[in-house]
Every structure is written in C-alpha cells, then in structure tokens.
Amino acid sequence: MEGQENTTIPLSDNLKLVGTLEIFERPAPKTGSPKDPDYYKGNWTYVKTVKNLITNVGYNTIIDRLIGSRTYSSTTFTYFSWSNGTATPAVTDTAAGFLADGTTATKAVATYDSYDVGNKKQIFNCFLSSTDNTVASITKFALMNAASPTTMFNNLIFTAISKDYRKEFYFRYTLQMSQV
C-alpha cells in the first residue's frame with residue numbers, strides 16, 4: 001500500500017538446547033533385556049550428572065532435518081560412543097576426532113523414550129553391560145550416527161569412572177529444548 005513502509009517484525013522466540021547426561025551404575029549381572037523398559041528401573045546407584053556440548057554438526061543436523069535437505073537431513077543418532085580421552089570438547093569436534101582421542105567403543109542406543117511434547121525433551125537410554133569393558137576408565141560420551149561413526153551430535157567429558165566386569169552402567173542422555 002502506498003505510504004506504508006515494509007517493517008520487519010522481530011522474533012522473540014529463541015530456542016535453547018541443553019544436553020544432560022546422567023550416569024548410573026549397579027553391580028552385574030542383571031537378568032532381563034535392555035530392550036525392556038522395566039530393565040532400567042530399580043537397583044541403580046546415581047553416579048553423576050554432566051552438561052554437554054552440542055557440536056556444530058549436531059546443530060546442522062537439527063536444521064537439515066527441519067528443512068528436509070542438505071548433508072544431514074536423514075542423519076539419526078542411534079549409537080553412542082564412550083572413551084578414556086582427555087581432549088576438551090569444542091563445537092568443531094567430529095566423530096573422527098572423538099574416536100582418535102583415546103580408547104573408544106561404540107554401541108547401539110538401547111531405547112528411546114517417546115518425545116515429551118509438553119516438556120520439550122527427548123531421552124536416549126544407553127547401557128553398558130558387564131561385558132562392555134573395552135574402555136576401563138570412561139571419561140567421555142557422545143551420540144553417534146552408526147556403529148562405525150562418521151557423524152557426532154555432542155561431546156562431553158567428565159571425571160573418570162571405572163568399568164570392569166563387575167559393573168553395568170546406564171547413561172541417560174536428555175536433550176531438553178526450551179524457549180528463552
């Protein structure tokens with residue numbers, strides 16, 4: 001219309017993503033299957049909670065999936081890796097860098113909780129049995145795209161936890177979204 005200027009309306013919604021890893025342990029062995037949701041209930045001792053760093057590739061994956069095109073549009077993070085690495089996480093980290101930082105192992109995520117729309121969160125349930133002892137002193141965790149990872153969503157480091165045949169670990173990774 002004549003006499004009216006085009007104006008830009010500022011967006012007031014800002015999305016914040018926070019990844020949190022909770023670590024629990026229990027003595028081994030435990031009967032049952034990690035595919036059974038009840039398997040994760042009871043007998044777990046809380047070890048620690050760690051905030052993490054979402055990588056540039058992690059953010060790119062979210063955007064690519066939203067628009068349905070580009071490099072990571074079909075990427076999923078159905079695996080996790082753990083390590084005894086010591087490198088400080090950075091947003092530029094890659095799966096190759098994570099795997100090169102110490103002794104590493106990778107395994108399929110056991111289960112996913114249904115996306116909680118009301119609380120805007122997704123939970124990944126990751127489990128190490130008494131036989132997953134490739135890494136005896138675990139200091140790092142990341143969600144990965146495959147058993148032989150090429151894409152990494154996040155990277156976090158924490159004070160070492162020991163792992164041997166006498167322990168099982170449950171890693172609960174929560175990706176919490178909020179508007180700030």
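Heads up: the structure comes first, above all this text.
Computed from a predicted structure; not experimentally measured.

Visitor: Any chance you could explain the overall build of the chain here in plain terms?
Guide: When you go through the chain residue by residue, the secondary structure sums to 2 helices and 10 strands. Burial status across the chain gives 41% buried among its 180 residues. Relative to all contacts within the chain whose residues are 6 or more apart in sequence, the contacts with residues 24 or more apart total 71%.

Visitor: Sorry, what's going on with the nonpolar core here?
Guide: It is characteristic of soluble globular proteins that their nonpolar side chains tend to be buried jointly. One finds F80, F141, L143, F158, F171 and Y173 to be the most contacted residues of the largest nonpolar core, which totals 26 residues. For this core, the element with the highest residue contribution is strand β10 (residues 167-179), accounting for 5 residues. Not counting residues up to four positions away in its chain, the partners in contact with F141 are L21, F80, S81, F98, C126, N154, N155, L156, F158, F171 and Y173. Core analysis: the second largest hydrophobic core is formed by 6 residues, F24, W44, A110 and Y170 among them.

Visitor: Which parts of the structure should I look at to understand the packing of aromatic side chains?
Guide: Ring pairs (aromatic) are described by centroid distance and by the angle formed between their planes. Within the structure shown, the criterion is met by 13 aromatic pairs. Here the aromatic rings of F24 and Y46 are separated by 5.9 Å at their centres, their planes lie at 70°, and the arrangement is edge-to-face. In this pair, F24 sits in strand β1 (residues 15-27) while Y46 sits in strand β2 (residues 45-51), placing the two residues 22 residues apart along the sequence. Residue Y46 is classed as partly exposed on the basis of its relative accessible area, which comes to 47%. With centroids separated by 6.2 Å and ring planes inclined at 85°, the aromatic side chains of W44 and F127 adopt a geometry described as edge-to-face. Pair noted here: W44 is in the loop between β1 and β2 and F127 is in strand β7 (residues 121-128), with a separation of 83 residues, a long-range link.

Visitor: Got a minute to help me understand the side chain of N155 in this structure?
Guide: Following the sequence through the fold, N155 ends up in strand β9 (residues 154-162). Here N155 falls in the buried class, since its relative accessible area comes to 1%. Of note is the side chain of N155, whose polar atom sits 2.7 Å from the side chain of D93. In this structure, N155 is in contact with N52, L53, T55, P89, D93, F98, K140, F141 and A142, ignoring residues within four places of it in sequence.

Visitor: Teacher, can you tell me more about the environment of T45 here?
Guide: Note on placement: T45 falls in strand β2. The class of T45 is partly exposed, set by a relative accessible area of 47%. On a C-alpha basis, the gap between T45 and I23 in space is 8.6 Å, while along the polypeptide they are 22 residues apart. If near-sequence neighbours (up to four positions away) are discounted, T45 is found in contact with I23, F24 and E25.

Visitor: Looking at this structure, how should I read the layout of surface pockets?
Guide: Gaps left between atoms are located by rolling a probe of water-molecule size over the structure's atoms. Of the volumes computed, that of the largest pocket is approximately 480 Å³. Looking at the largest pocket, it is lined by 18 residues, and the ones nearest its centre are I62, R65, F124, F153 and L175. Secondary-structure elements contributing two or more residues to the lining of the largest pocket are β1, α1 (56-67), β7 and β10. Per-element accounting of the lining of the largest pocket gives the leading share, 4 residues, to α1. A class-by-class count of the residues in the lining of the largest pocket yields 12 nonpolar, 5 polar and 1 charged.

Scoring rules and cut-offs
- Residues numbered from 1 in each chain as written.
- Predicted model: local features only at pLDDT ≥ 70, side-chain atom pairs only at ≥ 80, totals over all residues.
- Heavy atoms only, no water.
- Helix = DSSP H or I, 4+ residues; strand = E, 2+ residues; numbered from the N terminus.
- Buried < 20%, exposed > 50% of the residue type's maximum accessible area, 1.4 Å probe, protein only.
- Contact = heavy atoms within 4.5 Å.
- Core = buried A, V, L, I, M, F, W, Y, C linked by side-chain atoms within 4.5 Å.
- Phe/Tyr/Trp six-rings, centres within 6.5 Å; stacked < 30°, edge-to-face > 60°.
- Polar contact = N/O pair within 3.5 Å; in protein donor to acceptor, adjacent residues only side chain to side chain.
- 1 Å grid on protein atoms, 1.4 Å probe; cavity = no way out; pocket = protein on both sides within 12 Å on 5 of 7 lines; lining within 4 Å.
- Points joined across faces, edges and corners; volume = space filled by probe spheres on them.
- Nonpolar A, V, L, I, M, F, W, Y, C, P; charged D, E, K, R; others polar.

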